[in-house]
Amino acid sequence: MAATSPLYNQLKDAQPFFLLAGPNVIESEEHILRMAKHIKHIATKAGLPLVFKSSFDKANRTSSKSFRGPGIAEGLKIIMFSFYGSPTQILEKVKVAYDLPIVTDVHESIQCEEVGKTDLLVAAAQTGKIINIKKGQFCAPSVMNNSAEKIRLAGNPNVMVCERGTMFGYNDLIVDPRNFEWMREANCPVVADITHALQQPAGKKVHDDPLSAPVDGPTQWPLRHLEELLEEIIAIARVTKGKQRFQIDLTPFRD
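The shown structure was predicted, so the numbers you read here are calculated from the model rather than taken from an experiment. (Residues numbered from 1 in each chain as written. Predicted model: local features only at pLDDT ≥ 70, side-chain atom pairs only at ≥ 80, totals over all residues. Heavy atoms only, no water.)

## Section: the overall build of the protein
Moving on, step 1. The number of helices and strands found in the protein is eight helices and 11 strands.
Moving on, step 2. The burial tally for the protein puts 46% of its 255 residues in the buried class.
Moving on, step 3. A separation of at least 24 residues holds for 66% of the contacts in the protein among residues at least 6 apart in sequence.
Moving on, step 4. Summing over all exposed atoms, the protein offers an accessible surface of approximately 13,600 Å²; the carbon and sulfur share of this is 55%. (Helix = DSSP H or I, 4+ residues; strand = E, 2+ residues; numbered from the N terminus. Buried < 20%, exposed > 50% of the residue type's maximum accessible area, 1.4 Å probe, protein only. Contact = heavy atoms within 4.5 Å. Areas by Shrake-Rupley, 256 points an atom, 1.4 Å probe, with all protein chains shown as cover.)

What follows is the structure, given as structure tokens:
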């Protein structure tokens, strides 16, 4: 098995957490570079490690008229894989220009064909990149244990799991906070895709003009409010992470 990557260790040890953010889909080279510049400035000011996220192709659209992005043909280099997607030259420019790790989506194993035509998780694992596995909204958190182990058995210890909400009837998602504790049983970092988990349903991320975003505009957090949001989340994280776990004793109480 390969060793864990320095980036993976940095993210795993980040305090109080690391930030994974960016526009849901690549709209243009100019837009993605501008977003990366502003988000990096805000993350650096907050003292948070940043992984920049954007998709080259949103193949999982419910409408054929939905904007999907520029496609896979523009390049091949990234730092991490996330389910579903693969990388582009535009994201490579972001990585170089702003010295940022990049995460994007893979939908099928052929998008990992540099490492062979194999099972999607195995194909992604064999790239040696950090793998962020998104839990399906229809899945129980326990299924992530097997998914993470599949990555490790393929020789890649650099795996994370992502909570994105749970289906609640039709056209709605809820966040079950118990999932975060249960998903820790996968023995790897747990990523919370908050805005995706709160949708009815659509997408996630950070955007400078949510009302005009071509993909998932209603669920994208406004860029101008990112700094104040992070300030509040950091304050909450520092309080909750400083608390010791309860040592529960269920034996009969005696005076």
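## Some words on helix 5 (residues 143-153)
Moving on, step 1. Within the span of helix 5, buried status applies to M144, S147, A148, I151 and R152. All buried residues of helix 5 lie within an arc of 140° about the axis, which places them on one face of the element. What points out from helix 5, more than 90 degrees from its buried face, is the exposed set N146 and L153.
Moving on, step 2. Next to the buried residues of helix 5 lie helix 4 (120-125), strand 5 (130-134), strand 6 (159-163) and helix 6 (178-183). (Arc of directions from axis to C-beta.)

## Considering the environment of Q10
Moving on, step 1. Secondary-structure assignment places Q10 in helix 1 (residues 6-12).
Moving on, step 2. When its relative accessible area of 43% is taken as the criterion, Q10 is described as partly exposed.

## Some words on the environment of Q15
Moving on, step 1. If you trace the backbone, Q15 turns up in the loop between helix 1 and strand 1 (19-21).
Moving on, step 2. For Q15 and L48, which are 33 residues apart along the polypeptide, the C-alpha to C-alpha distance reads 7.7 Å.

## Digging into the packing of helix 2 (residues 29-46) against helix 8 (residues 226-240)
Moving on, step 1. Running from N to C, helix 2 and helix 8 point in directions that differ by 30°, and their axes come no closer than 10 Å. Put simply, helix 2 runs roughly parallel to helix 8. Once helix 2 is placed against helix 8, the crossing between them reads as right-handed. Where helix 2 approaches helix 8, its residues I39, I42, K45 and A46 are matched on the opposing element by L226, E227, L230 and I234.
Moving on, step 2. A per-class count over the contact of helix 2 with helix 8 returns six nonpolar, no polar and two charged. (Axes fitted to C-alpha atoms, helices over the stretch in contact; angles between N-to-C directions. Parallel < 35°, antiparallel > 145°, perpendicular 65-115°, else oblique. Left-handed = near helix turned anticlockwise from the far one by under 90°. Nonpolar A, V, L, I, M, F, W, Y, C, P; charged D, E, K, R; others polar.)

## Observations concerning the nonpolar core
Moving on, step 1. One finds I39, F52 and V94 to be the most contacted residues of the largest nonpolar core, which totals 26 residues.
Moving on, step 2. Broken down by secondary-structure element, the contributors of at least two residues to this core are strand 1, helix 2, strand 2 (50-53), helix 3 (89-98) and helix 8.
Moving on, step 3. Tallying contributions element by element places helix 2 first for this core, with seven residues.
Moving on, step 4. What V94 contacts, discounting residues up to four positions off in sequence, is I32, L33, A36, F52, D99, L100 and I102.
Moving on, step 5. Listed in part, the 25 residues of the second largest apolar core include L11, F18, A125 and M160. (Core = buried A, V, L, I, M, F, W, Y, C linked by side-chain atoms within 4.5 Å.)

## A word on the side chain of S5
Moving on, step 1. Among the secondary structure elements, S5 is positioned in the segment before helix 1.
Moving on, step 2. Reaching out from S5, the side chain makes a polar contact with the backbone nitrogen of Y8 at a distance of 3.0 Å.
Moving on, step 3. Once residues within four sequence positions are removed from consideration, S5 is found in contact with I130 and N158. (Polar contact = N/O pair within 3.5 Å; in protein donor to acceptor, adjacent residues only side chain to side chain.)

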